[in-house]
Amino acid sequence: QLRLAESGGGLVQAGGSLRLSCEASGRTFSTYTMGWFRQAPGKEREFVARVARTTGATYYADAVQGRFTISRDNAKNTVQLDMTSLKPEDTAVYYCAAASFFAGGYPNQYNYWGQGTQVTVSS
């Protein structure tokens, strides 16, 4: 049904910046929330940021607040994650996710997922 595809990952030095993008195919008007999650080796998938469809309200994990910015373009069915001041601990596979209804910071609240894009921050 709804397909998500992330892009923009890569290798960056600590202190650098990256921009991740997520494109949704098909209709996304039923999606209330778009979010970003990440998963590092040996760890569970963790919440990074989300943006509501109706209100545009944003929320960030404490670890990235002030450094990452999430935004969305409903006309283009895209969501973006601008990452600055990157740290080695930001290294992970980053996933774009969509929720048809209200969703917070739990992966099981999201209905659709992208394949993930690798972000590696070197020291």
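What you see is a predicted model, and the numbers here were worked out from it, not measured in a lab.

**Student:** I'd love a proper account of the pattern of salt bridges, names of residues and values included.
**Tutor:** Across all of its chains, the model carries 4 salt bridges by this definition. Among the ionic pairs, arginine 19 bridges to aspartate 82, the shortest N-O distance being 2.6 Å. Separated by 63 residues along the polypeptide, arginine 19 in strand 3 (residues 18-25) and aspartate 82 in strand 8 (residues 78-83) bring together distant segments of the chain. Residue class for arginine 19 comes out exposed when judged on its relative accessible area of 51%. Across the pair glutamate 46 and arginine 38 runs a salt bridge whose closest N-O atoms are separated by 2.7 Å. Using a relative accessible area of 36% as the deciding quantity, one classes glutamate 46 as partly exposed.

**Student:** Give me the lowdown on the pairing of strand 5 (residues 46-52), citing residues and values where you can.
**Tutor:** When you tally the buried positions in strand 5, you get 6 out of 7 residues, the bulk of the element. Sheet topology places strand 4 (residues 33-39) next to strand 5; 6 bridges connect them, and they run antiparallel. Opposite arginine 38, over in strand 5, you have glutamate 46 as the bridge partner. In sequence, strand 4 turns back onto strand 5 through a hairpin of 6 residues, with glycine 42 there showing a positive phi of about 80°. The sheet contact formed by strand 5 and strand 6 (residues 58-60) spans 3 bridges and is antiparallel. Of the residues in strand 6, the one forming a bridge with alanine 49 is tyrosine 60. In this structure, the hairpin formed by strand 5 and strand 6 is closed by a connection of 5 residues, where glycine 56 is found at a positive phi of approximately 75°.

**Student:** Tell me about the sheet that holds strand 7 (residues 68-73), and name the residues and values.
**Tutor:** Strand order in this open sheet of 4 strands is 1-3-8-7, and the pairing throughout is antiparallel. Every interior strand has two partners, whereas the edge strands, strand 1 (3-7) and strand 7, have only one. Each adjacent strand pair in this sheet contributes to an overall mean axis angle of 15°, direction not counted. Where strand 7 and strand 8 come together, 6 bridges link them in antiparallel fashion. Within the sheet, the bridge partner assigned to serine 71 lies in strand 8 and is glutamine 80.

**Student:** Could you give an account of the packing of aromatic side chains, with specific residues and numbers?
**Tutor:** This model, assessed by the stated rule, comprises 6 aromatic pairs. Each ring, one from phenylalanine 37 and one from phenylalanine 47, has its centre 5.8 Å from the other, and the planes form 75°; the classification is edge-to-face. In this pair, phenylalanine 37 is assigned in strand 4 and phenylalanine 47 in strand 5, connecting sequence segments 10 residues apart. On the accessibility criterion, phenylalanine 47 (12% relative accessible area) is buried. Taken together, Phe37, Phe47, Tyr59, Tyr95, Tyr110 and Trp113 form an aromatic cluster joined through their ring pairs.

**Student:** Can you break down the environment of alanine 49 residue by residue, with the values?
**Tutor:** Here alanine 49 is to be found in strand 5. Taking the C-alpha atoms as reference, alanine 49 lies 7.1 Å from phenylalanine 37; in sequence the two are 12 residues apart. In this structure, alanine 49 is in contact with Met34, Gly35, Trp36, Tyr59, Tyr60, Ile70 and Leu81, ignoring residues within four places of it in sequence.

Calculation notes
- Residues numbered from 1 in each chain as written.
- Predicted model: local features only at pLDDT ≥ 70, side-chain atom pairs only at ≥ 80, totals over all residues.
- Heavy atoms only, no water.
- Salt bridge = Lys/Arg side-chain N within 4 Å of Asp/Glu carboxyl O.
- Helix = DSSP H or I, 4+ residues; strand = E, 2+ residues; numbered from the N terminus.
- Buried < 20%, exposed > 50% of the residue type's maximum accessible area, 1.4 Å probe, protein only.
- Pairing = 2+ DSSP bridges.
- Axes fitted to C-alpha atoms, helices over the stretch in contact; angles between N-to-C directions.
- Phe/Tyr/Trp six-rings, centres within 6.5 Å; stacked < 30°, edge-to-face > 60°.
- Contact = heavy atoms within 4.5 Å.

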